[in-house]
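Residues per chain are reported as follows:
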Amino acid sequence: MEGVSSLDEPLKKLLGGATAKVMADHLDLHTVGDLLHHYPRRYEERGKLTALADLPLDEHVTVVAQVADARVLTFNNGRGRRLEVTLTDGSGRLQLVFFGHGVHKPHKELLPGRQAMFAGKVSVFNRKMQLAHPTYQLLDASDADEATEAVDAFAGRLLPIYPACKQLDSWRIAKAVDAVLPSAGGAVDPLPASLREGRGFAPLPEALLKVHRPQTRADVEDAKARLKWDEAFVLQVALARRRYADTQLPAVARRPVADGLLDAFDAKLPFTLTEGQEKVSKEIFDDLATEHPMHRLLQGEVGSGKTMVALRAMLAVVDAGGQAAMLAPTEVLAQQHHRSITEMMGELAEGGMLGGSEQGTKVVLLTGSMGTAARRQALLDLVTGEAGIVIGTHALIEDKVHFHDLGLVVVDEQHRFGVEQRDALRSKGKQPPHLLVMTATPIPRTVAMTVFGDLETSVLDQLPAGRSPIASHVVPAKDKPHFLARAWERVREEVENGHQAYVVCPRIGDDAEEAGGKGGKKAKAKEAAPEEDGDKRPPLAVLEIADELRKGPLAGLRVEVLHGRMHPDEKDDVMRRFAAGEADVLVATTVIEVGVNVPNATAMVIMDADRFGVSQLHQLRGRVGRGSAPGLCLLVSEAHEASPARARLSAVAATLDGFELSRIDLEQRREGDVLGQAQSGVRSSLRMLTVIDDEEIIAAAREEAVAIVAADPELEKLPELRTVLAALLDKEREEYLDKG
């Protein structure tokens, strides 16, 4: 049954080249199967109007609504004409605008009282919601053939509304689906029969039919229940197989030795570990003591002491005769880790050197931009085993790097390691090393189960003693300009009390494309004006804000800038001076988001805060309150009080709990960008499942998957499941699962 199924047919065979090309280019749909899995976003009932009041801005929408009135207006001294149509649904109103020669047909057809489906992009003009130049299809009887066809096709049924694009409206997609629906009978069913019957699911062809052409709402629910299970289950089987394969690999068990490096390190710690650190350390040490490689994800808030936990694991491995490597995503971070680890270890980091400790080891740094001599020495220390710990960037994976006995790899910040990179590092150990992945972005349990499903998870959720609480407030710059003035006074007060502050902006400023963009906008034809959202200005920029602050509210203070286009040495120099207290205020882009540690910095002002994501704001805020003085974070925004952007900011201001925020983030943005680019391929495999709402399904599917893989690792008794897995794990998805 592993041949080509009817679902692999290219769409152009059934739909014609032009439609197939638009589907491929704009919706990433190439085969009959792709289109059958392009499910309706929602369903409208005939004669029931869409709620216009809660349409999302800037999204391509399809609505069913009634025409309230229509009028043609002239402008440019009568030379230009535009048709304005007002739609109503009883709860809200929506304006449609047609220009120029495009006004004749709609003017004849969109008469008051008429019902139709309208599709277009929602924008705001003059504070009113509008669709400019929407496409539409009449739903009530008229002499147009298309309308009669629409009535016949959907009479008495639910109208499926498909995720569409500007080039292809929802109802054209519905027609294409009609053409391919007969092929649904050939769908390969991935669920083992016993599981399907045990849970009372409809067969796959029936579920596909019901999801696209439901007669009732119950049909939709049946189909969804079944299709969600498919997605969760197939993904969990793929992950379970990955975990199973990992448990089959051999590894050297690494157990700490009494009175070794770890004990010496613990003895000189000026504080005791938190309960959380103790618990997570135990989980890691238990894994390290087994004869197959650890694969663990360590997640913890900024400042929860992940580095300390990772360092103790590295010391335990060095004690057991192995070496440990820590990979950071950037050189700046690698240097920072190197600095903080050598500081924490003190003389223990100077093994083999004069004045170094007996139990000590060498801690070396390896990055791409190191000088030849330093690099040669670092490589030599690794090959001889002189260096027990190496910290570096991806330069560590290069062919030239050889280890004496690599026992543990720690990967910082969710740069999930692709399988090829894991293999490259594995080949550097006599046997595969243990792996610990650290992330400071709190990830809800379900996301961890899907996106990091091949790793076991440990969570550090208490802050170490001595970390101060951070007070956060939203500063509505537009409604209350005096609040912003007060914000700068607060920064001044912090500096007068001997502290320092960050000011974060979304953009660097002064770049060529922005300059070009400004002129380009004015050149647009007057007619197109309503499409432009009058409220948007370019995001605030570091260079401009720094300038304004030096001249204005922060005159007399030492204001420095930091951004990604600066030379690495220059960046390091600015960070070093700021850390040493030689600057009062650092105006920066999000380059400070990870790993910057300046305990004396107590205040942060985030400009245009609504332009950042929830977890990003949370990460940025974690840079203050790192010392004994309380932190202050001010979220400056011009967003309207009732807007979703403001709601997001209020949520961030209301809680310091990263897990709570990551939940809010998921609910608002859905999973497409939860982990940013970290998970680009996931969109293609998760079409129906929503990671946030379907926790029970994912957990249950994971259990079933683990049991099935344990009983039949090669899935020999389940050829259909194997076929579907092969399709899911084509190139792109394989990369997604590997890199996350």
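For the structure, check the block above.
As a starting point, this report considers the structure included with it. Given the structure is predicted, the values throughout are model-derived calculations rather than measurements.

When its secondary structure is counted, the protein chain shows 27 helices and 21 strands. A total of 740 residues make up the protein chain; the buried ones form 54% of that total. Taking the contacts inside the protein chain whose residues are at least 6 apart along the sequence as the reference set, 74% of them involve residues at least 24 apart. Surface exposure of the protein chain reaches about 32700 Å², of which carbon and sulfur atoms provide 52%.

Our focus in this paragraph is the packing of helix α9 (residues 217-247) against helix α25 (residues 695-711). Where α9 meets α25, the closest approach of the two axes is 8 Å, and the angle between their N-to-C directions is 45°. Here α25 runs oblique to α9, going by the angle between their axes. Considering only the axes of α9 and α25, their crossing is right-handed. Residue-level contacts link Lys-228, Trp-229, Ala-232, Phe-233, Gln-236, Val-237, Ala-240, Arg-241, Arg-243 and Tyr-244 of α9 to Ile-697, Ile-698, Ala-700, Ala-701, Arg-702, Glu-704, Ala-705, Val-706, Ile-708 and Val-709 of α25. Taken together, the residues that form the contact of α9 with α25 break down as 14 nonpolar, one polar and five charged.

Quick look at the nonpolar core now. Core analysis: the largest hydrophobic core is formed by 40 residues, its most contacted members being Met-314, Met-345, Ile-389 and Leu-408. For this core, the element with the most residues is helix α12 (residues 306-319), which contributes ten residues. In contact with Met-345, other than residues within four places in its own chain, are Phe-265, Lys-268, Leu-311, Leu-315, Thr-361, Val-363 and Ile-389. Core analysis: the second largest hydrophobic core is formed by 33 residues, Leu-158, Ala-184, Ala-207 and Leu-227 among them.

To continue, consider unusual backbone geometry. Located in the positive-phi region is Asp-259, a residue other than glycine, with phi close to 60°. Of note, Asp-259 is situated in the loop between α9 and α10 (261-267).

One pass over the full model with this rule turns up 32 salt bridges. The residue Asp-287 makes a salt bridge to Arg-296 at a minimum N-O spacing of 2.8 Å. Considered together, Asp-287 and Arg-296 belong to a single accessibility category, that of buried residues. Across the salt bridge formed by Asp-479 and Arg-646, the nearest N and O atoms sit 3.8 Å from each other. You can see Asp-479 sitting in the loop between β16 (470-476) and α17 (481-496) and its partner Arg-646 sitting in helix α22 (residues 644-654), a full 167 residues away along the chain. Residue classification places Asp-479 among the partly exposed positions, given a relative accessible area of 41%. Residue Arg-646 is classed as buried on the basis of its relative accessible area of 9%. One salt-bridge network, held together by shared partners, links Arg-486, Glu-489, Arg-490, Glu-493 and Glu-494.

With that settled, consider helix α13 (residues 331-345). In a regular helix each residue adds 1.5 Å, so 15 residues correspond to 21 Å; α13 covers 21 Å between its end C-alpha atoms and thus fits that length. The set of residues buried in α13 consists of Leu-333, Ala-334, Gln-336, His-337, His-338, Ile-341 and Met-345. Its buried side turned inward, α13 meets α10, α12, β10 (323-327), β11 (362-366), β12 (387-392) and β13 (406-412). Directly after α13, the chain includes Gly-346, whose backbone phi takes a positive value near 60°.

Taken together, six strands build an open sheet; the order of strands is β16-β21-β20-β17-β19-β18 and the sheet is parallel. The sheet terminates laterally at β16 and β18 (559-562), the two strands that pair on one side only. Across the sheet, the axes of successive neighbouring strands diverge by a mean angle of 20°, strand direction being ignored. Of the strand pairs in this sheet, strand β17 (residues 500-504) and strand β20 (residues 601-606) are connected by five bridges, and their pairing is parallel. Among the inter-strand pairings, Ala-501 is bridged to a residue of β20, identified as Ala-603. Here helix α19 (residues 542-551) sits on the sheet in contact with β17, β18 and β19 (585-588), set at roughly 180° to β18. Seen against the sheet, helix α21 (residues 614-621) touches β16, β17, β20 and β21 (631-637) and runs at an angle of roughly 150° to β20.

All told, the structure shown has five aromatic pairs when counted by the stated rule. Judged by centre distance (5.9 Å) and plane angle (50°), the rings of Phe-201 and Trp-229 are tilted. With Phe-201 in the loop between α7 (193-198) and α8 (204-212) and Trp-229 in helix α9, the pair connects residues that are 28 residues apart, well separated along the chain. Ring centres 6.3 Å apart and planes at 35° place the aromatic pair Trp-229 and Phe-233 in the tilted group.

Definitions and cut-offs
In this numbering scheme, every chain counts its residues from 1 along its sequence in written order. The model is predicted, so local features are restricted to residues of pLDDT at least 70 and side-chain atom pairs to those at 80 or more, both for listing and for counting; the totals for chains, interfaces and linings are taken over all residues. As a convention, hydrogens and water are excluded, and side-chain values are obtained from all of the structure's heavy atoms. Under the DSSP-based scheme used, a helix requires at least four consecutive residues in state H or I and a strand at least two consecutive residues in state E, with every element numbered from the N terminus. Relative accessible area decides the class of each residue, using a 1.4 Å probe on protein chains only: under 20% of the type maximum gives buried, over 50% gives exposed, and in between gives partly exposed. Any two residues having at least one pair of non-hydrogen atoms within 4.5 Å are treated as being in contact. Only the protein chains shown count as cover for residues, with accessible areas throughout obtained via the Shrake-Rupley method and a probe of 1.4 Å. Between N-to-C directions, angles cover 0 to 180 degrees, with each direction set by a line fitted to C-alpha atoms, over the stretch in contact for helices. When an angle is under 35 degrees it counts as roughly parallel; over 145 it counts as roughly antiparallel; between 65 and 115 it counts as roughly perpendicular; any other value is oblique. For any pair of crossing helices, the crossing counts as left-handed if the nearer helix is rotated counterclockwise from the farther one by less than a right angle, and right-handed if it is rotated clockwise. Residue polarity follows a fixed list, in which Ala, Val, Leu, Ile, Met, Phe, Trp, Tyr, Cys and Pro are nonpolar, Asp, Glu, Lys and Arg are charged, and the others, Gly among them, are polar. Within this scheme, the nonpolar core is defined by two criteria: the residues are buried Ala, Val, Leu, Ile, Met, Phe, Trp, Tyr or Cys, and they are joined through side-chain atoms within 4.5 Å. The salt bridge definition used is simple: a Lys or Arg side-chain nitrogen within 4 Å of an Asp or Glu carboxyl oxygen. A helix's residues, less one, multiplied by 1.5 Å, set its expected span. In short, DSSP must find at least two bridges between two strands for them to pair. Each aromatic pair joins two rings of Phe, Tyr and Trp (for Trp, the six-membered one) with centres within 6.5 Å, and gets the label stacked for planes under 30 degrees apart, edge-to-face for over 60, and tilted for any other angle.

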